[in-house]
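Inside the fold
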Amino acid sequence: MAINGGHGVLLRLRRLGLRPGAQVRAVATGRWGGPVLVEVDGCRVALGRGLARRILVQVNEDSFRPDER
Amino acid sequence: MSADGLRVVRRVVLVGQPNAGKSTLFNAIVGYRAVVANFPGTTVEALRGQASIGGLRAEVVDLPGTYSLLGGDVAERVTRDFLLSGEADVIVQVVDSSLLGRSLELTLEVAELGLPIVLCLNMMDEAEHKGIRIDWEKLAALLGVPVVATVASRGQGLVDLLAAIPQARPVRRPPYTADVERALSQIREAQSSTGRFGDHRAAQLLSSGAPVDLALKEPVERARRELGEGRGEDPGVILSDERHAQAMRLFEAVATVGKARVGWREKADDLLMHPVIGYPLLVLALMGLFGAVFWSGDVLEGLLSPLLDTVSGQIGAALGAGPLAAVLRGAWDGLAAGVAIVLPYLIPFLFLLALFEDVGYMPRVGFLLDGLMHRIGLHGKSVIPFLLGYGCTVPAILSTRILEDERDRLVTAALAVMVPCAGRTIVVMGLVGRYVGPLAALLLYLGNVLVIALVGWVLTRLVPGEGPGLILEIPPYRQPRLQNLLGKTWLRLKGFVVLAWPLLAVSSALLALAEALGWAGGLNLGVRFLTWPLGLPSETGVPLVLGILRKELSLVMLDEALVGGVAALTQAQMIVFTVFVLFYVPCLATVGALGRELGWRRTGLVVLATTGLGLVLALLARVVLGA
């Protein structure tokens, strides 16, 4: 994880409820390498594909359910 | 504070997470001032209004939505800096009650400022829809602040809220875990002058380090290191997790979650955000928008034009001849053209745009187009400024504040300038749409999108760096309210009526005077270096120059300047003229907004580049059309 940008992004995601241990449901996927729409704590967040991929790497260590792709 | 425990409140600020309904509440309290829409980041600057609080006049400030006080984007920094300026007597935190748990994290962070707070549990109807019941009296007791339940969109609870503001208190904050408290007190002790907002500053320093005061560098680093090593986590993450845990404890103590209702709003996304069906629906929606504007504009114009022509004829006859009469007639013609050409397209367009915003379709478009936007080096959030750009370029440029990355902001703002605003839509619809045909108008729009994409592709390769990618909250669909749609249409239309109408009248009168004195030819000759290569008649010169003031002036003045009105142009000339108007120098208001947001050097570059581009594309159109 990058120290500079990564830190801010991580905190941002946490504010939206995307934190270790959270229950996440994948709702939809955009075309052409588009974003992933996830539902967490009853609210929906679109995450860019690159970002979603990076978070999953982060998140797998921290007991996220594997089905959120 | 007065003897009865009530506070004298001079300034109240509305703080809350994006899309919690702050602006709706603000409008309900102070009258329709702020544009409200259903996407995160509608408000990007502090808006001020007046209200009577505790029998005294107080200022109410609506701040941009923020997830935290860390200042992730420009809009969030506006909020943080305003709170730290010390101008606020009372903070009203507006909460989307259906997202109470998450919102309480912000409450706990804002509480560190130590300012008196009122918690406004807004959108109680949404919470009920989701099956969430909140014991707000218990929440008030736990936090030690007044808690008021509201549904701002229906005006419910507003009286209670205003009455609660003088009773605001600082939040009784639960303590952090011992190691975090220890780190915080280390930093607090190192701060030589405690000053205001000491708790907040200590938490900020612990979270992100980098103190401005170099004397604090060492103690802050030590506190961060000790806390971080103890937990094996980044101190910022630790603080965030601590607040989250506290917020969840509060939430569980005061809320019960039952069964959510599922209606059309939950099901609509299955279609509208579907990876296959979503896209044709998007195209249909946009075609529907422009089709409806074109059709209703055509009908309205057909009704209005003959009426105004009759009046103009009578006024002309009454005024008689002479230079003064010519000037007065010119002024009237400008006003009349404003009514006949501009309003028929502007009103339906602004209304439908408002409808799109309020339903909540904008962030969906951002989601659908994120993949395509990556092709030009941006991401889906940039779609929101682009879509707003179809209304007016100024708010589009301001809305780039929702972008976290500086480079994305720069490129998006530069590209948003080229999105045809309502003023340019008037030119496209009123000239090409009306005289050449709707298909040609549609092609111009598509061509415009293509050019923007190409320029974007080039720009993102010239300006290095890649943003972190899309993080966009997709709010639930909301039932649009007619009152808000009309209010917003009026608020935006007012810009035209107040600013453009006088300009139209004055420009038109000056043009008439110039013609009466025989100066118009000279002015037109001055711009001949532009109009000649484009194959446009000399009379188009002044209208094009006036378009720098406002884009729709170009068309109105063109109608005034040409003998026989705009119909005197050939179809090819109309298209060349419109292509040039679509791209050349953004209007003055846009230049001003760009200058403030990007700096004047970059703004100069944008002005030069767009004008060059407009010239090249118009020349290209001339060659292709053989004009």
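Residues numbered from 1 in each chain as written. Chains lettered and ligands numbered in written order. Predicted model: local features only at pLDDT ≥ 70, side-chain atom pairs only at ≥ 80, totals over all residues. Heavy atoms only, no water.

1. Thoughts on the overall build of chain A
- For chain A, the helix and strand inventory stands at two helices and three strands.
- Traced from its N-terminal end to its C-terminal end, chain A shows the element sequence α-β-β-β-α.
- When contacts within chain A are restricted to residue pairs at least 6 apart in sequence, those whose partners lie at least 24 apart make up 34%.
- A total accessible area of about 3300 Å² is found for chain A, and carbon and sulfur atoms account for 53% of it. (Helix = DSSP H or I, 4+ residues; strand = E, 2+ residues; numbered from the N terminus. Contact = heavy atoms within 4.5 Å. Areas by Shrake-Rupley, 256 points an atom, 1.4 Å probe, with all protein chains shown as cover.)

2. Details of the nonpolar core
- Ranked by size, the top nonpolar core spans 98 residues in total, and within it L346(B), F367(B), L415(B), F496(B) and F577(B) carry the most contacts.
- Not counting the four nearest positions on each side in its chain, L415(B) is found in contact with I376(B), L378(B), F386(B), I452(B), V455(B), G456(B) and L459(B). (Core = buried A, V, L, I, M, F, W, Y, C linked by side-chain atoms within 4.5 Å. Buried < 20%, exposed > 50% of the residue type's maximum accessible area, 1.4 Å probe, protein only.)

3. Digging into the domain arrangement of chain B
Residue and element names in this part refer to chain B.
- Structurally, chain B comprises domain 1 (11–167), domain 2 (178–254) and domain 3 (278–471 + 484–625).
- Each of domain 1 and domain 3 has a C-alpha centre, and the two are 36 Å apart.
- Each side of the interface is counted separately: domain 1 has 18 residues, and domain 3 has 21 residues.
- Across the domain 1 to domain 3 interface the summed buried area is about 1500 Å²; carbon plus sulfur atoms make up 63%.
- Inspection of the domain 1/domain 3 interface yields zero salt bridges.
- Inspection of the region where domain 1 meets domain 3 yields two residue pairs in polar contact (both at pLDDT 80 or more). (Domains from an automatic or database assignment. Buried area = accessible area lost by both parts, 1.4 Å probe. Salt bridge = Lys/Arg side-chain N within 4 Å of Asp/Glu carboxyl O. Polar contact = N/O pair within 3.5 Å; in protein donor to acceptor, adjacent residues only side chain to side chain.)

4. Observations concerning the environment of S23(B)
Residues and elements named next belong to chain B.
- Mapped onto the elements of the fold, S23 is located in helix 1 (residues 22–30).
- Among the residues examined, S23 registers a relative accessible area of 8% and is labelled buried.
- Considering only alpha carbons, one finds S23 and S153, 130 residues apart in sequence, at a separation of 9.9 Å.
- Polar contacts involving the side chain of S23 include one to the side chain of D62, which spans 2.7 Å.

5. What to know about the interface of chain B and chain A
- If you look at the interface, chain B gives 40 residues, while chain A gives 30 residues.
- In this assembly, chain B packs against chain A so that about 3000 Å² is buried in total across both faces, 58% of it on carbon and sulfur atoms.
- Taken together, the links from chain B to chain A amount to one salt bridge.
- Across the pair R44(A) and D269(B) runs a salt bridge whose closest N-O atoms are separated by 3.2 Å.

6. Some words on the packing of aromatic side chains
Residues and elements named next belong to chain B.
- On inspection of all chains with the given rule, the structure shows three aromatic pairs over all chains.
- Pairing F580 with Y584 gives two aromatic rings, centres 4.8 Å apart and planes at 20 degrees, and the pair type is stacked.
- Residue placement shows R364 over the ring face of Y477; its charged tip is 3.8 Å from the ring centre.
- Positioned over the ring face of Y584 is K551, at 3.9 Å from the centre of the ring. (Phe/Tyr/Trp six-rings, centres within 6.5 Å; stacked < 30°, edge-to-face > 60°. Lys NZ or Arg CZ within 6 Å of the ring centre and 35° of its normal.)

7. Points about the sheet that holds strand 3 (residues 43–47) of chain A
- In spatial order, the strands read 1(A)-2(A)-3(A)-9(B); together these four strands make up an open sheet with antiparallel pairing. With partners counted over all chains shown, the strands left at the sheet margins are strand 1 (24–29) of chain A together with strand 9 (471–474) of chain B, one partner each. Between one strand axis and the next, the sheet turns by 30 degrees as a mean value, whatever way the strands run.
- Judged from the four bridges that link them, strand 3 of chain A and strand 9 of chain B form a sheet pairing that is antiparallel. What sits directly across from V45(A), in strand 9 of chain B, is E473(B).
- Strands in contact with helix 14 (residues 361–375) of chain B are strand 1, strand 2 (36–40) and strand 3 of chain A together with strand 9 of chain B; relative to strand 9 of chain B, the strand with the most contacts, it is inclined by about 140 degrees. (Pairing = 2+ DSSP bridges. Axes fitted to C-alpha atoms, helices over the stretch in contact; angles between N-to-C directions.)

8. Let's talk about unusual backbone geometry
Residue and element names in this part refer to chain B.
- One non-glycine residue, N19, adopts positive backbone phi at about 65 degrees.
- Its place among the elements puts N19 in the loop between strand 1 (11–16) and helix 1.
- We classify N19 as buried; its relative accessible area is 15%.

9. Section: a nonpolar patch on the surface
Residue and element names in this part refer to chain B.
- A contiguous nonpolar surface patch, about 590 Å² in accessible area, is contributed by V283, M287, L439, L442, L443 and L446.
- Put simply, the parts of the chain that give the nonpolar patch at least two residues each are helix 12 (278–319) and helix 19 (438–462).
- Among the elements that take part in the nonpolar patch, helix 19 stands out by supplying four residues, more than any other.
- Positionally, L442 belongs in helix 19.
- The class for L442 is partly exposed, based on a relative accessible area of 31%. (Patch = residues over 30% accessible without salt bridge, like charges linked within 9 Å, V, L, I, M, F, W, Y side chains within 5 Å.)

10. Re helix 7 (residues 178–190) of chain B
Residues and elements named next belong to chain B.
- The end-to-end C-alpha distance of helix 7, which contains 13 residues, comes to 18 Å, matching closely the 18 Å that a straight helix rising 1.5 Å per residue would cover.
- Within the span of helix 7, buried status applies to V180, A183, L184 and I187. The buried side chains of helix 7 occupy one side of the element, clustering within an arc of 95 degrees when seen end-on. Relative to its buried face, helix 7 has exposed residues pointing more than 90 degrees away, namely A178, R182 and E189.
- On its buried side, helix 7 packs onto helix 8 (198–208), helix 9 (217–231) and helix 10 (235–254). (Expected span 1.5 Å × (residues − 1). Arc of directions from axis to C-beta.)

11. Some details on the sheet that holds strand 7 (residues 147–149) of chain B
Residue and element names in this part refer to chain B.
- Read from one edge to the other, the open sheet built from six strands follows the order 2-3-1-4-5-7, with strand pairing classed as mixed. Each edge of the sheet is formed by a strand with only one pairing partner; in this case those strands are strand 2 (47–53) and strand 7. The sheet shows a mean angle of 25 degrees between the axes of neighbouring strands, direction not considered.
- In this structure, strand 5 (residues 117–122) lies alongside strand 7, joined through three bridges in parallel fashion. Residue L119 lies in a different strand from strand 7, and its bridge partner there is V147.
- Against the sheet, helix 1 engages strand 1, strand 2, strand 3 (56–62), strand 4 (90–96) and strand 5, with an angle of about 50 degrees to strand 2.

12. Section: helix 2 (residues 74–84) of chain B
All names here are of chain B.
- When we look at burial in helix 2, the residues that qualify are V74, A75, E76, T79, F82 and L83.
- Two or three places before A75, at the opening of helix 2, D73 has a side-chain oxygen 3.1 Å from that residue's backbone nitrogen.
- Immediately beyond the C-terminal end of helix 2, within one or two residues, lies G86, with a positive phi of roughly 80 degrees.

13. Things to note about the side chain of D370(B)
- Secondary-structure assignment places D370(B) in helix 14.
- A residue is classified by how much of its surface remains accessible, and D370(B), at 0% relative accessible area, is buried.
- Not counting residues within four places of it along the chain, the set of residues in contact with D370(B) comprises G34(A), P35(A), G48(A), H379(B), G380(B) and L470(B).

14. Some thoughts on the pattern of salt bridges
All names here are of chain B.
- If you walk through the whole model with that rule in mind, you get 25 salt bridges over all chains.
- Here R48 makes a salt bridge to E87, at a shortest N to O gap of 3.8 Å. One end of the pair, R48, is in strand 2; the other, E87, is in the loop between helix 2 and strand 4, and 39 residues separate them in sequence.
- Residue R48 is classed as partly exposed on the basis of its relative accessible area of 39%.
- We classify E87 as partly exposed; its relative accessible area is 29%.
- A salt bridge links D358 to K488; its shortest N-O distance comes to 2.6 Å.

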